[in-house]
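# Structural overview
Letter by letter, the chains look like this.
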Amino acid sequence: MLLAKRVMLRAIERQDLDALNSWWNDPALSALLGTRRHLSAPDETEAWYDAILARVEPHEGRTYAVCATVDGRLLGTAWYGSFDAQDRNVEVGLYLGQEEDRGRGLGTETMGLLLSYLFEDLGVHKVRLLVRSDHDRAVRCYERLGFQHEGMLRHHRFFAGTHHDFMAMGMLASEHVTRGLDGTQEDTGRNR
Ligand SMILES: CC(C)(COP(=O)(O)OP(=O)(O)OC[C@H]1O[C@@H](n2cnc3c(N)ncnc32)[C@H](O)[C@@H]1OP(=O)(O)O)[C@@H](O)C(=O)NCCC(=O)NCCS
């Protein structure tokens, strides 16, 4: 389990699957994520869960349940994957399932927690992600944590009747700064 002030990341449990299934079938959330994946049937969610359980080594990637520290309520998921052992380069992603939980700093805190784990514990060299270029809140969240803009992928994905541009963003271990929850910043001082 990874623990911050307001959020914690824990393993996905079977009891989470109903909520995850309903979020995956939310077209508004899919549009923000830029996914076409709709897991409409509970058995597809079960199959996804079985695949998650089959991943035992950290380099195989992880998907975490994001929960509120105060009461354990499930807020969403955060994940890393596509770990290349030679490049030490991973892709990350995150969502909070409900609009009322967004815009309160929880996403920034969650990604900050995941970054600390990846850089400080797993020793990755680079973390990367793709985000819809017009998704201002997500871009701002990643910028605030120190992600750099690495390039625009024009008309990268087609959904909701049109092509969408995506921004490639990335952060190197040498750029990683741990942002304290009280506003202080601590440079990890690592230069991998
Ligand atoms: C994207 C997401 C993870 C961001 O997490 P969040 O908790 O909502 O965002 P935060 O409250 O941490 O805010 C991040 C920054 O965006 C700003 N922001 C908040 N709402 C905003 C909005 N509607 N438009 C623009 N900026 C906004 C905040 O002010 C903050 O910037 P600041 O620190 O300079 O003030 C979350 O909104 C989410 O899960 N959305 C749905 C799924 C999704 O889009 N996932 C990401 C796909 S790449």
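What comes next concerns the included structure. Every value quoted in this text rests on a predicted model; they were computed, and no experiment measured them. (Residues numbered from 1 in each chain as written. Predicted model: local features only at pLDDT ≥ 70, side-chain atom pairs only at ≥ 80, totals over all residues. Heavy atoms only, no water.)

What follows concerns the overall build of the protein chain. Summing up its helical and strand segments, the protein chain has 5 helices and 10 strands in all. Here the protein chain has a C-alpha radius of gyration of 16 Å; the compact-globule value for 192 residues is 16 Å, and the two agree. In terms of principal-axis extent, the alpha carbons of the protein chain reach across some 45 × 40 × 35 Å. The buried share of the protein chain, taken over its 192 residues, is 45%. In the form shown here, the protein chain has an accessible surface area of approximately 10100 Å², with 48% of it arising from carbon and sulfur atoms. (Helix = DSSP H or I, 4+ residues; strand = E, 2+ residues; numbered from the N terminus. Rg over C-alpha atoms; globule rule 2.2 N^0.38 Å. Buried < 20%, exposed > 50% of the residue type's maximum accessible area, 1.4 Å probe, protein only. Areas by Shrake-Rupley, 256 points an atom, 1.4 Å probe, with all protein chains shown as cover.)

What follows deals with the layout of surface pockets. Taking a probe equal in size to a water molecule and rolling it over the atoms shows the remaining empty space. Of the pockets and cavities examined, the largest pocket occupies roughly 1100 Å³. What lines the largest pocket is a set of 46 residues, among which L33, G93, L94, Y95 and Y142 lie closest to the centre. Residue composition of the lining of the largest pocket, by class: 21 nonpolar, 12 polar and 13 charged. (1 Å grid on protein atoms, 1.4 Å probe; cavity = no way out; pocket = protein on both sides within 12 Å on 5 of 7 lines; lining within 4 Å. Points joined across faces, edges and corners; volume = space filled by probe spheres on them. Nonpolar A, V, L, I, M, F, W, Y, C, P; charged D, E, K, R; others polar.)

A separate point is the site of the ligand. In the vicinity of the ligand lie 23 residues, with L96, G105, T108, H135 and R144 positioned nearest. Interatomic distance of 3.1 Å between a backbone N/O atom of R104 and an oxygen atom of the ligand. Side-chain polar atom of R140 to an oxygen atom of the ligand: 2.7 Å apart, as the coordinates give it. Of all the elements in the fold, those that place two or more residues in the shell around the ligand are α2 (27–33), β5 (89–96), α4 (106–121), β6 (126–132) and α5 (136–145). By residue number, the principal contributor to the shell around the ligand is α5, which donates 7 residues. Across the shell around the ligand, the residue classes break down as 12 nonpolar, 5 polar and 6 charged. (Near = heavy atom within 4 Å. Polar contact = N/O pair within 3.5 Å; in protein donor to acceptor, adjacent residues only side chain to side chain.)

Its location among the elements puts T77 in strand β4 (residues 74–84). Not counting residues within four places of it along the chain, the set of residues in contact with T77 comprises I12, L20, T63, Y64, V66, G93, L94 and Y95. (Contact = heavy atoms within 4.5 Å.)

In this section: the packing of α4 against α5. As a packed pair, α4 and α5 sit with axes 10 Å apart at the nearest point and diverge in direction by 45°. Our classification of the angle between α4 and α5 gives oblique. Judged by the twist between their axes, the crossing of α4 over α5 is right-handed. Across the interface between the two elements, G107, T108, M111, G112 and L115 from α4 touch C141, Y142, R144 and L145 from α5. (Axes fitted to C-alpha atoms, helices over the stretch in contact; angles between N-to-C directions. Parallel < 35°, antiparallel > 145°, perpendicular 65-115°, else oblique. Left-handed = near helix turned anticlockwise from the far one by under 90°.)

Two elements in contact, helix α1 (residues 17–24) and helix α3 (residues 42–54), have axes separated by 10 Å at closest approach and are oriented at 115°. In terms of orientation, α1 and α3 fall into the roughly perpendicular class. Of the two elements, α1 crosses α3, and the hand of that crossing is right-handed. Residue-level contacts link L17, L20, N21 and W24 of α1 to P42, T45, E46, W48 and Y49 of α3. For the contact of α1 with α3, the class distribution of residues is 6 nonpolar, 2 polar and 1 charged.

Even without being glycine, R88 reaches a positive phi, approximately 50°. On the secondary structure map, R88 appears in the loop between β4 and β5. A relative accessible area of 32% means that R88 is categorised as partly exposed. Even without a glycine there, the phi angle at A160 is positive, about 50°.

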